[in-house]
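Observations on the model geometry
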Amino acid sequence: MAIIIIVGAQWGDEGKGKIVDFLTRKADLVARYQGGHNAGHTVVINDEKYVLHLIPSGILHKNTVCIIGNGVVVEPSALIKEIEELKERGAKVSNNLLLSKNAHLIMPYHVALDNASEKSLGKKNIGTTGRGIGPAYMDKMSRKGIRVADLLSPEILMEKLNSNLKHVNFLMKNLYKSPVFNAKKIFAEYMEYGRKLKKHIADTDIIINDAISKGQNILLEGAQGTLLDIDHGTYPYVTSSNSTAGGACTGLGIGPSKITSVLGVVKAYTTRVGSGPFPTEIIGPIGEKLRAKGGEFGATTGRPRRCGWLDIVILKHAVRINGLSGLAITKLDILDGIDKIQICTAYKYRGKTYTDFPKEPAAFEKCVPVYEKIDGWKESTVGIKEFKKLPKNAQAYIRKMESLVGVKAYIVSTGKKRDELILLKEPF
Ligand code: IMP
């Protein structure tokens, strides 16, 4: 039995979808614990590309139970669309997909508030995905949120809508000068969503703890990444949930003592989408080359991702905050053909050297990265499945990364496809 948390170690988009899909071959249950349809997890099977936003990447294995936990914020029409698209493509999505009664719903006014708030911030905007994630979590924390279970209780749904819209419509009208929302219209829409989702709605905390008691293999799938975590990320340029490993326990209702290991997914370089500081960002041809070759465009919004060198300072932070047991290194092949590769080992700011992630925003924003240069490799690594078959310099790059962060690699991914990877240590 193993209960493994899969967490992004950078700013999201590390390739968690592929790693979860690969590990699901040995998993009985896969569960998402936070975020919403701001996430985009890409999986390629036999040249067919699947982009999952809310449904755990494990859904592509028909014998695995998939759970959307209480910590996730769910836009029901997005979930229904995802279910229908997967079914059309032949995936099994029935009682193998379960949705927590306690998960909060994203309402149409959350999307409007997200976009209006971004617009009002002007140049200081967060660069959100515009999916209503922040306002949905705000309602959850202020105890006004509408939850999945409310879709099955018409009176409660109507009462909450009427009450919430008083405040929302005041803001829409007076602050944002935008159209107001109609409670009856939203009620009718959401009742219909409830009817469509009913068969998936469940007490997921009980189901997952029963699975643990039976000794099943379980994967807990994080969205976004450590640096986007509301507490431990580059605040305020973060998402509104705990994307780090701790979020898996609260976002699913599992006690910390049950977790057996935490796998950090790390891209062999760094990317970030949206605004905010990014010390190792490469402005110029190498950055553009990484973006083009790595297909670095948001899986959800299509926005170009900013690309940069590997940053050991943030990775050490990720190892510490998540208690990482091992690494899954992705997209090694994208570095093929780069003559000199740089690795950031520290930051310099106002005469001080930082080897640990600085909490003062100014130090992180204005620091100058300290780089170690290492030789790249000319050969292609695409599809290599044995570590010893990697070019010597690629092997050295992996070993260097391991020694700098103090955690071993379990997996090295060498291409988009499901089987293009090197398994160094079996996590299960
Ligand atoms: P929100 O989650 O839509 O509120 O966006 C907040 C920040 O998180 C923005 O910088 C987004 O670009 C970023 N973000 C949200 N989801 C993802 C993701 O799945 N991958 C990468 N960045 C994300």
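Nothing here was measured: the structure is a model prediction, and the numbers come from that model.

Segmenting the protein chain into domains produces domain 1 (3-102 + 207-262), domain 2 (104-197) and domain 3 (266-423). A C-alpha centroid distance of 23 Å is found between domain 1 and domain 3. With 37 residues of domain 1 at the interface, the matching set in domain 3 holds 39 residues. Contact with domain 3 buries surface across domain 1, with Q10, W11 and K18 losing the most and accounting together for 24% of the total. Our enumeration of links across domain 1 and domain 3 arrives at three salt bridges. In this structure, R305 and D13 form a salt bridge, with 3.2 Å as the shortest nitrogen-oxygen distance.

Bringing helix α7 (residues 204-213) into the picture now. Regarding α7, the residues found buried are T204, I208, A211 and I212. Each buried residue of α7 lies within a common arc of 105° when the element is viewed along its axis, so the set occupies one face. Elements in contact with the buried residues of α7: β1 (3-8), β2 (29-32), β5 (65-68), β7 (97-100), β9 (201-202) and β10 (218-221). Positioned one or two residues after α7, G215 has a phi angle of 80°, which is positive.

Relative to the assigned elements, I3 resides in strand β1. The contact partners of I3, leaving out residues within four places of it in the chain, are I212, I218, L220, K258, I259, T260 and S261.

Further remarks concern the pattern of salt bridges. Going through the model one piece at a time under the given rule, you end up with 23 salt bridges. Note that E85 is salt-bridged to K81, the shortest N-O span being 3.6 Å. Taken together, the residues E85 and K81, both in helix α2 (residues 76-88) and four residues apart, mark about one turn of the helix. With a relative accessible area of 39%, E85 lands in the partly exposed category. Its salt-bridge partner being D150, residue K160 comes within 2.8 Å of it at the nearest N-O pair. Residue K160 is found in helix α5 (residues 154-175), and its partner D150 is found in the loop between α4 (133-141) and α5; the two are separated by 10 residues along the sequence. For K160, a relative accessible area of 25% corresponds to the partly exposed category.

Moving on to the state of the cysteines. All told, the structure shown has zero disulfides when counted by the stated rule. Cysteine C66 remains unbridged, with the sulfur of C249 as its closest cysteine sulfur at 19 Å. No disulfide involves C344; its sulfur sits 7.1 Å from the nearest other cysteine sulfur, which is in C367. For C344, a relative accessible area of 0% corresponds to the buried category.

It helps to recall that an α-helix has 3.6 residues per turn; residues three or four apart then point in one direction. Between the first and last C-alpha of α2 there are 18 Å, a value that for 13 residues agrees with the 18 Å anticipated at 1.5 Å per step. Turning to α2, its buried residues number three or more, namely P76, A78, L79, I80, E82, I83 and L86. Next to the buried residues of α2 lie β4 (48-52), β5, β6 (73-74), β7, β8 (104-105) and α6 (183-197). Looking at the residues trailing α2, positive phi occurs at G90, about 95°.

Looking at where T244 falls in the secondary structure, it is placed in the loop between β10 and α8 (246-250). Side chain to side chain, T244 and D229 meet in a polar contact 2.6 Å long.

Our next topic: the packing of aromatic side chains. Here the structure, examined in full by the defined rule, presents seven aromatic pairs. With 6.0 Å between their ring centres and 50° between their planes, W377 and Y397 make a pair best called tilted. With W377 in the loop between β18 (368-375) and α12 (392-405) and Y397 in helix α12, this pair connects stretches of sequence that are 20 residues apart. You'll find W377 and Y397 in the same group, each marked buried. Through a chain of ring-to-ring contacts, three or more aromatic side chains come together here, namely W11, F278, Y347, F357 and F364. It is R25 that lies over the ring of F22; its NZ or CZ is 4.1 Å from the centre. Positioned over the ring face of Y50 is R89, at 4.0 Å from the centre of the ring.

The rules behind the values
- Residues numbered from 1 in each chain as written.
- Predicted model: local features only at pLDDT ≥ 70, side-chain atom pairs only at ≥ 80, totals over all residues.
- Heavy atoms only, no water.
- Domains from an automatic or database assignment.
- Contact = heavy atoms within 4.5 Å.
- Buried area = accessible area lost by both parts, 1.4 Å probe.
- Salt bridge = Lys/Arg side-chain N within 4 Å of Asp/Glu carboxyl O.
- Buried < 20%, exposed > 50% of the residue type's maximum accessible area, 1.4 Å probe, protein only.
- Helix = DSSP H or I, 4+ residues; strand = E, 2+ residues; numbered from the N terminus.
- Arc of directions from axis to C-beta.
- Disulfide = S-S within 2.5 Å.
- Expected span 1.5 Å × (residues − 1).
- Polar contact = N/O pair within 3.5 Å; in protein donor to acceptor, adjacent residues only side chain to side chain.
- Phe/Tyr/Trp six-rings, centres within 6.5 Å; stacked < 30°, edge-to-face > 60°.
- Lys NZ or Arg CZ within 6 Å of the ring centre and 35° of its normal.

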